[in-house]
Amino acid sequence: MPDAWPNIFRQSRFLSAVDFVQADRLRRMVAGEMARLFDTVDLLIVPSLRDEMLTISNHTGHPSLTLRAGFVDVAQARSDWAPDPSHPMPTFNPKRRVPPGITLIGRLFDEGLLGRVGIALERSFAVADERPPGF
C-alpha cells in the first residue's frame, strides 16, 4: 500500500528544516490542546489503535494503555484500509473468537491512573484470565 505507515516514515527523511520547524509548531499546538482537554477530563477511552489518537499520543507523549474489551465472533477478517476487490479478505468457518480493544489515554506523567482503570476494566470485562488455546 503506497500510503502505509512504513512508506510514510521512509519519506519523512526528506523533510526540509523549515518543514520540520512547522511540524514542531503544530505538535506544540496539539500538545497545548491536549493539556487544555485534560483540565476537564481524567482520561480518554478511544477505539484501539486508531490513526488519529495514535498520532496524537505519539507526538505529545501522553501515556496510553491498550487492552481487551471482551470478545466477539467474526466470520470475515477486516481491515481499516479500503477494500481491494482483487484481494478479498479471508472468511472463517467456524467463526473466530477475537478480542476487540480499547485504548485509554491519560494526562502526562499520570500512568498510575491508566493502570488502575485498565485493571478495573479488564476485571469488569472478565477477560484478564482468557488465553488462546495452547497458551
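Conventions used here
Residues numbered from 1 in each chain as written. Predicted model: local features only at pLDDT ≥ 70, side-chain atom pairs only at ≥ 80, totals over all residues. Heavy atoms only, no water. Axes fitted to C-alpha atoms, helices over the stretch in contact; angles between N-to-C directions. Helix = DSSP H or I, 4+ residues; strand = E, 2+ residues; numbered from the N terminus. Parallel < 35°, antiparallel > 145°, perpendicular 65-115°, else oblique. Contact = heavy atoms within 4.5 Å. Nonpolar A, V, L, I, M, F, W, Y, C, P; charged D, E, K, R; others polar. Patch = residues over 30% accessible without salt bridge, like charges linked within 9 Å, V, L, I, M, F, W, Y side chains within 5 Å. Areas by Shrake-Rupley, 256 points an atom, 1.4 Å probe, with all protein chains shown as cover. Salt bridge = Lys/Arg side-chain N within 4 Å of Asp/Glu carboxyl O. Buried < 20%, exposed > 50% of the residue type's maximum accessible area, 1.4 Å probe, protein only.

Colleague: I tried to follow the packing of helix α2 (residues 17–37) against helix α3 (residues 51–60) on my own but got confused; where do I start?
Modeller: Pairs of packed helices are described in terms of their axes, by the angle between the two and the distance that separates them. Contact geometry for α2 and α3: axes closest at 10 Å, N-to-C directions at 100°. One way to sum up the angle between α2 and α3 is to call them roughly perpendicular. Contacts between α2 and α3 involve R27, V30, A31 and M34 from the first element and I56, H59 and T60 from the second. Among the residues forming the contact of α2 with α3, the class breakdown is four nonpolar, two polar and one charged.

Colleague: Explanation requested: a nonpolar patch on the surface in the structure shown.
Modeller: Together, W5, I8 and F9 line one region of the surface with nonpolar side chains, adding up to about 370 Å² of accessible area. Tracing the sequence through the fold places I8 in helix α1 (residues 5–11). The exposure class of I8 is partly exposed, given its relative accessible area of 43%.

Colleague: Whenever I open this one, the pattern of salt bridges confuses me. Can you help?
Modeller: Opposite charge on two side chains permits pairing when their charged atoms draw close. According to the stated counting rule, one finds three salt bridges in the structure shown. Residue D24 is joined to R27 by a salt bridge in which the shortest nitrogen-to-oxygen separation is 3.0 Å. Here D24 pairs with R27, and both are found in helix α2, just three residues apart, close to one helical turn. Between E33 and R36 there is a salt bridge, and its shortest N-O distance comes to 2.6 Å. Note that E33 and R36 are positioned in helix α2 at a spacing of three residues, about one turn of the helix.

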